[in-house]
Amino acid sequence: MLNLILFGPPGAGKGTQSKLLAEKYNLVHLSTGDLLRSEISNGTALGMEAKSLIDAGKLVPDSVVVGMVQNKVENNLGAEGFIFDGFPRTTEQAIALDKILGEHNAPISLVLALDVDEDELTRRMLERGRKDDTEAVIRDRFKVYEKETYPLKKYYQRHDKFSEVYGLGTVDEVSERLQNAIETVNG
Ligand code: B4P
C-alpha cells in the first residue's frame, strides 16, 4: 500500500495537491476538512459542533476527527493506498493514525510537508475566500498551527519518512516536486 500524509500550514495547498496525487496513484483521498464541511452542509449534529470551531479557526476535537478517519479507512481496506490531507493535526491524532494503520498492517509510506511562507498563505486564503478565510481567523489558524500541528514535524522526522517540498510555483510545478519525492520511496 502507498500511504501518504500531506502536511503543511493552513492554505499551503494540501487539498489542491492531494486531489492530483490521489488520481495519479489511485489512492483514496481522505480530507478531514472536506469530511467536516460535508457534515456541516448536511446539517448533522457533528457538523453543527464543527461549524463554530472551524469558523473561529480552531481545531475540531481529536475524538471527532479520529472517528471519521477510522470509519473511512475501514470502509476502504481494499484500496491501493490512502492520502491523508489535513490529518493528523495534533500529536494525539498522529498516535491514533499509527494505531489504526498498525491494526491493518499498512504503515505510513511518506509524509510530504509543503513549505510556503506566511505572506503567500494569507494571500491564497484571502483569494480563496471561504467563510474561515477572514484575516482575523487566518491569524488564529496560524497560531493554532504553530502550537498544535507544527510540532508533529519532529514526530515524523524521527521516522526517516519525511520529505519537505517547496510549495511556491504553479500547481503543476509543486505536483511534480511531490511526485519526485514519492518516486524516491516508491521506486
Ligand atoms: P482544511 O480543509 O484542511 O484546509 P486548509 O488547511 O485551509 O487548506 P489547504 O492546505 O488544503 O489549502 P488549499 O488546497 O485549499 O482545514 C479547514 C479547517 O477544518 C481547519 O482550520 C480546522 O478547523 C478543521 N480541520 C480539518 N482537519 C482537522 C483535523 N485533522 N483536526 C481538527 N480540525 C480539523 O489551497 C489554498 C488556496 O490556495 C486555494 O484557493 C488554492 O486554489 C490555492 N493554491 C493552491 N496551490 C497553489 C499554488 N501552487 N499557487 C497559487 N495558489 C495555490
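Above this note sits the structure.
Reading the values: the criteria
Residue positions are given per chain, counting from 1 as you read along its sequence in written order. Residues qualify for local features only when their pLDDT is at least 70, as the model is predicted, and side-chain atom pairs are given and counted only at 80 or more; totals for whole chains, interfaces and linings, by contrast, use all residues. The basis for the side-chain values is all heavy atoms of the structure; hydrogens and waters are excluded. Two strands make a pair as long as DSSP finds a minimum of two bridges between them. Put simply, DSSP H or I for four residues or longer makes a helix, DSSP E for two residues or longer makes a strand, and each gets a number counted from the N terminus. Working convention: axes come from line fits to C-alpha atoms, limited for helices to the stretch in contact. Angles between N-to-C directions cover 0 to 180 degrees. In this analysis, two residues are considered to be in contact whenever any of their non-hydrogen atoms come within 4.5 Å of each other. Proximity criterion: a residue is near a molecule or strand once any of its heavy atoms comes within 4 Å of it. Polar contacts here mean pairs of N or O atoms no more than 3.5 Å apart (in protein, one a potential hydrogen donor and the other a potential acceptor; neighbouring residues in sequence count only if both atoms are side-chain atoms). Here, a salt bridge means any Lys or Arg side-chain nitrogen found within 4 Å of an Asp or Glu carboxyl oxygen. In this scheme, a residue with accessible area under 20% of its type's maximum is buried, one over 50% is exposed, and one in between is partly exposed, where area comes from a 1.4 Å probe on protein chains only. Exposure above 30% relative accessible area and the lack of any salt bridge qualify a residue for a patch; like charges then connect within 9 Å, and the nonpolar side chains Val, Leu, Ile, Met, Phe, Trp and Tyr within 5 Å. Here the Shrake-Rupley method, with its probe set to 1.4 Å, supplies the accessible areas, and only the displayed protein chains count as covering residues. Only four residue types enter the charge count, namely Lys and Arg as positive and Asp and Glu as negative; His and the chain termini do not. Where a charge lies is defined by one atom per residue type, namely NZ (Lys), CZ (Arg), CG (Asp) and CD (Glu). Pairing of aromatic side chains requires ring centres within 6.5 Å, counting the rings of Phe and Tyr and the six-membered ring of Trp. Pairs whose planes differ by under 30 degrees are stacked, by over 60 edge-to-face, and all others tilted. The rule is short: NZ of Lys or CZ of Arg within 6 Å of the ring centre and within 35 degrees of the ring normal puts a charge over the ring.

Draft legend 1. View of the sheet that holds strand β1 (residues 2-7). Taken in spatial order, the 5 strands line up as β2-β3-β1-β4-β5 in an open sheet, and their pairing is parallel. The open sheet is flanked by β2 (28-31) and β5 (162-166), the only strands paired with a single partner. Along the sheet, successive strands turn relative to each other by an average axial angle of 20°, direction set aside. Sitting on the sheet, helix α9 (residues 171-186) is in contact with β1, β4 (110-115) and β5, with an inclination near 155° to β4.

Draft legend 2. Representation of the site of the ligand within the structure. Taken together, 28 residues lie around the ligand, and T16, T32, K58, R128 and R141 are the ones closest in. Within the contact set of the ligand, an oxygen atom lies 2.8 Å away from a backbone nitrogen or oxygen of G15. Within the side chain of Q93, an N or O atom sits 3.0 Å from a nitrogen atom of the ligand. For the shell around the ligand, the elements supplying multiple residues, two or more each, are α1 (14-25), α2 (32-41) and α6 (118-128).

Draft legend 3. Broad picture of the pattern of salt bridges. Applying the stated criterion across every chain, the model contains 14 salt bridges. Among the ionic pairs, R37 bridges to D34, the shortest N-O distance being 2.9 Å. One end of the pair, R37, and the other, D34, are both in helix α2, 3 residues apart, so they sit about a helical turn from each other. Across the salt bridge formed by K51 and D55, the nearest N and O atoms sit 2.7 Å from each other. Here D55 and K51 lie together in helix α3 (residues 45-55), a separation of 4 residues that amounts to about one turn. For D55, a relative accessible area of 24% translates into the label partly exposed.

Draft legend 4. Region of the structure containing a negative patch on the surface. A surface patch of like charges, here negative, comprises D115, D117, E118, D119 and E146. Among the structural elements, E118 can be located in helix α6. E118 sits in the partly exposed class, given a relative accessible area of 44%.

Draft legend 5. Expanded view of the environment of N186. With respect to the secondary-structure elements, N186 resides in helix α9. N186 gets classed as partly exposed once you look at its relative accessible area, which sits at 40%. Linking N186 and S109, residues 77 residues apart in sequence, is a C-alpha distance of 8.2 Å.

Draft legend 6. Expanded view of the packing of aromatic side chains. Applying the stated criterion across every chain, the model contains 4 aromatic pairs. Centre to centre, the rings of F82 and F84 are 5.8 Å apart; their planes meet at 25°, and the pair counts as stacked. Overall, the relative accessible area of 0% leaves F84 in the buried class. In this structure an aromatic cluster arises from ring pairing among F7, Y145 and Y150. Here the basic side chain of K24 rests over the ring of Y25, its NZ or CZ set 6.0 Å away from the ring centre.

Draft legend 7. Region of the structure containing the side chain of K153. Tracing the chain through its elements places K153 in helix α8 (residues 152-157). For K153, a relative accessible area of 13% gives the class buried. With residues up to four places along the chain from it excluded, the contact list for K153 reads F7, F162 and E164.

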